[in-house]
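# Commentary on secondary and tertiary structure
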Amino acid sequence: MKEYIFKLEMKVRDYECDLQGVVNNSNYQRYMEHTRHEYMETLGENFGKMHDKGIDAVISSVEIKFKHSLRSGDKFLSCMNVRREGIKLVFEQDIYRTPDYVLAATGKVESVIVENGKLTRGEYFDKIMASE
């Protein structure tokens with residue numbers, strides 16, 4: 001397993017599985033989103049508070065590759081790294097089943113900042129990243 005700036009432990013819940021008994025693909029995106037939200041909290045930021053200030057982080061692209069299905073009751077580690085790329089913040093995210101660390105999914109999520117309805121050059125990302 002590679003190095004990550006943030007890791008979050010979670011567990012698959014029954015209702016997240018499809019008729020085949022595996023996690024429905026859409027839930028991996030939710031796991032990744034929850035991980036980004038929790039990461040932001042560690043930086044002292046919160047998407048609700050940002051919105052109240054007229055600042056919204058908007059997802060511009062999501063790419064997820066599914067490697068190994070998680071099943072009900074599986075514990076997993078949702079891991080991420082983040083980097084600035086032009087106006088975007090790029091989250092590289094991996095999900096590993098624990099305790100054997102089998103890679104379940106890998107994703108790349110790109111986000112931009114909109115302030116008061118206008119796309120920005122991402123200066124708010126600089127402020128967020130400075131607090132790391």
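Source: prediction; values computed, not measured.

Glancing now at the overall build of the protein chain. Along the backbone of the protein chain there are three helices and six strands. Its helices and strands taken in sequence order, the protein chain reads β-α-α-β-β-β-β-β-α from the N to the C terminus. Expected size for 132 residues packed as a compact globule is a radius of gyration near 14 Å; at 16 Å, the protein chain falls within 12% of this value. Principal-axis analysis of the C-alpha atoms places the extent of the protein chain at approximately 45 × 30 × 25 Å. Expressed as a percentage of its 132 residues, the buried residues of the protein chain come to 41%. Considering only residue pairs separated by 6 or more positions, the protein chain has 67% of its internal contacts joining residues 24 or more positions apart. Of the roughly 7600 Å² of accessible surface on the protein chain, 47% is carried by carbon and sulfur atoms. Each charge class in the protein chain was averaged separately, 20 positive and 22 negative side chains, and the resulting centres sit 2 Å apart.

Evaluation of the coordinates by the stated rule reveals 11 salt bridges. Taking the shortest distance from any N to any O, the salt bridge between Glu45 and Lys53 comes out at 3.8 Å. Assessed through its relative accessible area of 45%, Lys53 is described here as partly exposed. The partner of Asp100 in a salt bridge is Arg97, and the shortest N-O contact between them spans 2.4 Å.

Among the structural elements, Met50 can be located in helix α2 (residues 47-52). By relative accessible area, Met50 is classed as buried at 0%. In this structure the C-alpha to C-alpha distance between Met50 and Asp100, which are 50 residues apart in sequence, comes to 37 Å. Those residues in contact with Met50 that sit more than four places away from it in its chain are Met40, Glu45, Ile55, Ala57, Ile113 and Tyr124.

Here we come to the environment of Asp18. Locating Asp18 in the fold gives a position in the loop between β1 (6-11) and α1 (25-42). When the C-alpha atoms of Asp18 and Arg71 are compared, they prove to be 9.5 Å apart, with 53 residues separating the residues in sequence.

Per-residue confidence for the protein chain gives a mean pLDDT of 95; residues scoring 70 or more make up 98%. Summarising per-element confidence for the protein chain, the mean pLDDT is lowest in helix α3 (residues 123-130) (84) and highest in β1 (98).

This brings us to the state of the cysteines. Under the criterion given, the structure shown has zero disulfides. Between Cys17, a cysteine without a disulfide, and Cys79, which holds the nearest cysteine sulfur, the sulfur-to-sulfur distance is 20 Å. The class for Cys17 is buried, based on a relative accessible area of 19%.

Residues Val12, Val23, Tyr28, Tyr31, Leu70, Phe76 and Ile95 are the most contacted members of the largest nonpolar core, which totals 29 residues. For this core, the elements supplying multiple residues, two or more each, are β1, α1, β2 (55-66), β3 (75-85), β4 (88-98), β5 (102-115) and α3. With five residues, α1 is the single largest residue contributor to this core. Those residues in contact with Ile95 that lie beyond four places of it in its chain are Tyr28, Tyr31, Met32, Leu70, Phe76, Leu77, Ser78, Val102, Leu103, Ala104 and Ala105.

The rules we used
Residues numbered from 1 in each chain as written. Predicted model: local features only at pLDDT ≥ 70, side-chain atom pairs only at ≥ 80, totals over all residues. Heavy atoms only, no water. Helix = DSSP H or I, 4+ residues; strand = E, 2+ residues; numbered from the N terminus. Rg over C-alpha atoms; globule rule 2.2 N^0.38 Å. Buried < 20%, exposed > 50% of the residue type's maximum accessible area, 1.4 Å probe, protein only. Contact = heavy atoms within 4.5 Å. Areas by Shrake-Rupley, 256 points an atom, 1.4 Å probe, with all protein chains shown as cover. Lys, Arg positive; Asp, Glu negative; His and termini not counted. Charge placed at Lys NZ, Arg CZ, Asp CG, Glu CD. Salt bridge = Lys/Arg side-chain N within 4 Å of Asp/Glu carboxyl O. pLDDT = per-residue confidence, 0-100. Disulfide = S-S within 2.5 Å. Core = buried A, V, L, I, M, F, W, Y, C linked by side-chain atoms within 4.5 Å.

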